[in-house]
Amino acid sequence: MNKRVGKLLVMILIVGMFGFFGYSLVTKGKHTDVGDKAYNFELPNLDGSKTKLTDYKGEVVILNYFASWCAPCKEEFPELAAFQKDYGKKYPLIMINRGETMDRINKVTKKNQEGMTYLFDYNAKISKLYNVTGQPETFVIDKQGIIRQHYNGPVTEMQLYNWVKKYDK
């Protein structure tokens, strides 16, 4: 009986793996990566209006995926706020949240909203196109709209500054 159950479990595991890989191949859609043209998007922001990536055409832009419950995101937030304060007028910092409500983000970021742009990717459609696997994740997009950096993990103000200066040509 134990051999039969073991074989059955192995068979289910194998079928499940093939099913997962098959599904992954079928649903593998278009996504961008470093060196690719950044996918244009339109997402709602905290005031309910919409923001498009093309609103920042000709500028070096930073996209940062975050979550209010994410410990590394909380650690990096003072660095992002410092960058926004020091360089945000020249280099827009766009904060993108997946799956949380505007009310939740409004409460969490109440002290750090000045000049920050918060967008909401509720269905994760845009994050899939950008191949976002977690948070925090940061992208730097150059003036021509090309993704130049994709960094997983928390960043510092100096990292961001060095990246944007490098691509501000």
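Here, the structure is the one placed above.
Starting afresh in each chain, residues are numbered from 1 along the sequence in its written order. Totals for whole chains, interfaces and linings use every residue, but because this is a predicted model, local features are given only for residues with pLDDT of at least 70 and side-chain atom pairs only at 80 or more, for both listing and counting. Excluding hydrogens and water, the side-chain values take into account all heavy atoms of the structure.

**Concerning the side chain of Ser 68**
Inference 1: As for its placement among the helices and strands, Ser 68 is situated in the loop between β3 (61–66) and α2 (71–87).
Inference 2: Contacts described as polar in this section are N or O atom pairs within 3.5 Å, which, within protein, must combine one atom able to donate a hydrogen with one able to accept it, while residues neighboring in sequence count only if both atoms come from side chains. Within the structure, Ser 68 has its side chain in polar contact with the side chain of Glu 100 (distance 2.3 Å).
Inference 3: Reaching out from Ser 68, the side chain makes a polar contact with the side chain of Arg 104 at a distance of 3.2 Å.
Inference 4: Any two residues whose heavy atoms approach within 4.5 Å are treated as being in contact. With residues up to four places along the chain from it excluded, the contact list for Ser 68 reads Lys 74, Asn 97, Glu 100, Arg 104, Ile 105 and Val 108. Every helix listed is a DSSP run of H or I at least four residues long, and every strand listed is a run of E at least two residues long, numbered separately from the N terminus.

**Observations concerning the packing of aromatic side chains**
A ring pair, where both rings are aromatic, is described by two values, the distance of the centres and the angle of the planes.
Inference 1: For Phe, Tyr and Trp, rings pair up if their centres lie within 6.5 Å, where Trp contributes its six-membered ring, and each pair is then called stacked (planes under 30 degrees apart), edge-to-face (over 60) or tilted (otherwise). For the structure on display, the rule yields eight aromatic pairs.
Inference 2: Taken together, a centroid distance of 6.3 Å and an interplanar angle of 75° make the contact between Phe 41 and Tyr 130 edge-to-face. Of this pair, Phe 41 sits in the loop between α1 (2–27) and β1 (42–44) while Tyr 130 sits in the loop between α4 (125–129) and β6 (137–141), and the two are 89 residues apart along the sequence.
Inference 3: With a 1.4 Å probe rolled over the protein chains alone, any residue whose accessible area is under 20% of its type maximum counts as buried; one over 50% counts as exposed, and the rest are partly exposed. Residue classification places Phe 41 among the buried residues on the basis of a relative accessible area of 3%.
Inference 4: On the numbers, 5.5 Å between centres and 55° between planes, the contact of Tyr 151 with Trp 163 is tilted. Here the residue Tyr 151 occupies a position in strand β7 (residues 147–152), and Trp 163 occupies one in helix α5 (residues 157–167), the gap between them amounting to 12 residues.

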